[in-house]
Amino acid sequence: MAKCVGCQKTILFGATKVGDGAYCGEKCADAAVMPAFAAAYDATVVQSTPTPLPSAARTGPDDALLVDREGTKPGLVIGIGLLVALLLSFGVHLAETGIDRQLRSINLWIVLPIGALLNGALISIGFFAAIRLLDSPPRMATYAAAAVGAGLLCWLTFVASYLTMTDDNGTAIREVMGFGEYMQVVIEESQVMLGRSSRSATTVGSWGYALYAVDCLGFMAGAWFVIRAAGMKPFCAKCGRFMTRLGALMRSSNDPTAAGATLKSVHAHLAANNPQRAVDALSEFGAKDHRSYVGLSLECHGCPMCKDYTAVTTVNLAGSRGRREVEDAGARFEGNGNIGLS
Ligand SMILES: [Zn+2]
Ligand SMILES: [Zn+2]
């Protein structure tokens, strides 16, 4: 029977393998791998002659353009985003009326507004498109407009259904009751399923107001996530445009010493603005993709106009539930030059 190389315990099943060594779990494997990785990183000395960065004045546009270059773009993003959100929320409303089922009513454990989150995210895709196409990163006003807009639209569909709905006799609801009364009925009489069968449906009563508030917050959070995702891409402030993804290189090995030494040399070359040498150093390490225990990756984004780039390195370890990133082991670099990643 196999014994853990780390703690000598007998392994019954599910050994964690690092090359030929078997460990009882990730904890023992990490304890064996990480010190060697860190020691190799610290001990490795790499000489990389710095490549000078071109001055900002030569590569970027005129300084005059740096003064509020964004101009009307942020306002345009908000306008387009809100207009698309308005159109889409009525689209969603029509679809929901058609199938007689509400997206926002999909809740996990009743209180987690999954459906409302999705709904808020869906109607905010106009913001995403406008941010990326107009090369205008989100500002506080963009977040605020998207969230408040989504919250209002969550309520506006109530107005739409009030104006269009008819009762069983074909009488328009708006002729039978006022809007306030209608909202009260819809909120207090809505039903939640506590079990799987329809018999366990319960009328929510005054709890409906809390659930409705949670729905509105779900809409707003969904919108917020979309704006945040749109702004996550690296941006070249010099040229006023989002960088394009140049690619990523992933290598892995069961040799923590080689991994530590490789990461150090990748970092040294990137710090000296020698991105291609960093790529070459990583290409020589381990095997393609993340199959072995210690994984290193390098992801680059670059500006197509001025060749400024961002390079991000990460370290990850194999695990029973997918790979785990090692916090603070990677780093982010900026520089200027050509990078060939394939
Ligand atoms: Zn062990
Ligand atoms: Zn640029």
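Residues numbered from 1 in each chain as written. Chains lettered and ligands numbered in written order. Predicted model: local features only at pLDDT ≥ 70, side-chain atom pairs only at ≥ 80, totals over all residues. Heavy atoms only, no water.

Asks: Teacher, can you tell me more about the packing of aromatic side chains here?
Replies: Working definition: an aromatic ring pair is given by the centre-to-centre distance plus the angle between the planes. For the structure on display, the rule yields six aromatic pairs. Taken together, a centroid distance of 5.3 Å and an interplanar angle of 50 degrees make the contact between Tyr-162 and Tyr-182 tilted. Linking Tyr-162 in helix H6 (residues 140-164) with Tyr-182 in helix H8 (residues 179-189), this pair joins segments that are 20 residues apart in sequence. With relative accessibility at 10%, the residue Tyr-162 sits in the buried group. (Phe/Tyr/Trp six-rings, centres within 6.5 Å; stacked < 30°, edge-to-face > 60°. Helix = DSSP H or I, 4+ residues; strand = E, 2+ residues; numbered from the N terminus. Buried < 20%, exposed > 50% of the residue type's maximum accessible area, 1.4 Å probe, protein only.)

Asks: I keep staring at the coordination of the zinc ion (ligand 1) and nothing clicks. Help me out?
Replies: Tetrahedral metal sites with four donors have an ideal angle of 109.5 degrees; octahedral sites with six donors have ideal angles of 90 or 180 degrees. Within the protein, Cys-4 (SG), Cys-7 (SG), Cys-24 (SG) and Cys-28 (SG) serve as the donor atoms for the zinc ion (ligand 1), at 2.2 to 2.3 Å. For the zinc ion (ligand 1), the four donor atoms in the first shell make angles of 105 to 114 degrees at the metal, a pattern classed as tetrahedral. Mapped onto the sequence, the residues coordinating the zinc ion (ligand 1) show the spacing C-x2-C-x16-C-x3-C. Taken as a pair, Cys-4 in the segment before strand S1 (16-18) and Cys-28 in helix H1 (residues 26-43) lie far apart in primary sequence, 24 residues in all. When its relative accessible area of 0% is taken as the criterion, Cys-4 is described as buried. (Donors = N, O, S within 2.8 Å, 3.2 Å for Na, K, Ca; no water. Tetrahedral: all angles 85-135°; square planar, octahedral: opposite > 155°, others 65-115°.)

Asks: I tried to follow the pattern of salt bridges on my own but got confused; where do I start?
Replies: Two side chains bearing opposite charge may form a pair once their charged atoms approach each other closely. Considering all chains together, one arrives at five salt bridges under this definition. We note a salt bridge from Arg-324 to Glu-26, for which the minimum N-O separation is 3.6 Å. Remark: Glu-26 occurs in helix H1 and Arg-324 occurs in strand S11 (residues 324-325); sequence separation between them is 298 residues. Notably, a salt bridge pairs Asp-30 with Arg-324, separated by 2.7 Å at the nearest N-O pair. On the criterion of sequence distance, the pair formed by Asp-30 in helix H1 and Arg-324 in strand S11 is long-range, its members being 294 residues apart. We classify Asp-30 as buried; its relative accessible area is 17%. Taken together, the shared-partner salt bridges in this structure form one network comprising Glu-26, Asp-30 and Arg-324. (Salt bridge = Lys/Arg side-chain N within 4 Å of Asp/Glu carboxyl O.)

Asks: I'm lost on the pairing of strand S10 (residues 308-317) in this one. Help?
Replies: A regular strand carries its side chains on alternate faces of the sheet. Extensive coverage of S10 is indicated by the burial of nine of its ten residues. Hairpin connection between strand S9 (residues 294-302) and S10: a loop of five residues separates the two successive antiparallel strands, and Lys-307 in this loop has a positive phi of roughly 70 degrees. Bridge count for S10 against S11 is two bridges, and the pairing is antiparallel. Counted as the bridge partner of Asn-316 is Glu-325 from S11. Turn length for the S10-S11 hairpin, with the two strands adjacent in sequence and antiparallel, is six residues, and the turn residue Gly-322 shows positive phi of about 90 degrees. (Pairing = 2+ DSSP bridges.)

The analysis is restricted to geometry; functional conclusions fall outside its scope.
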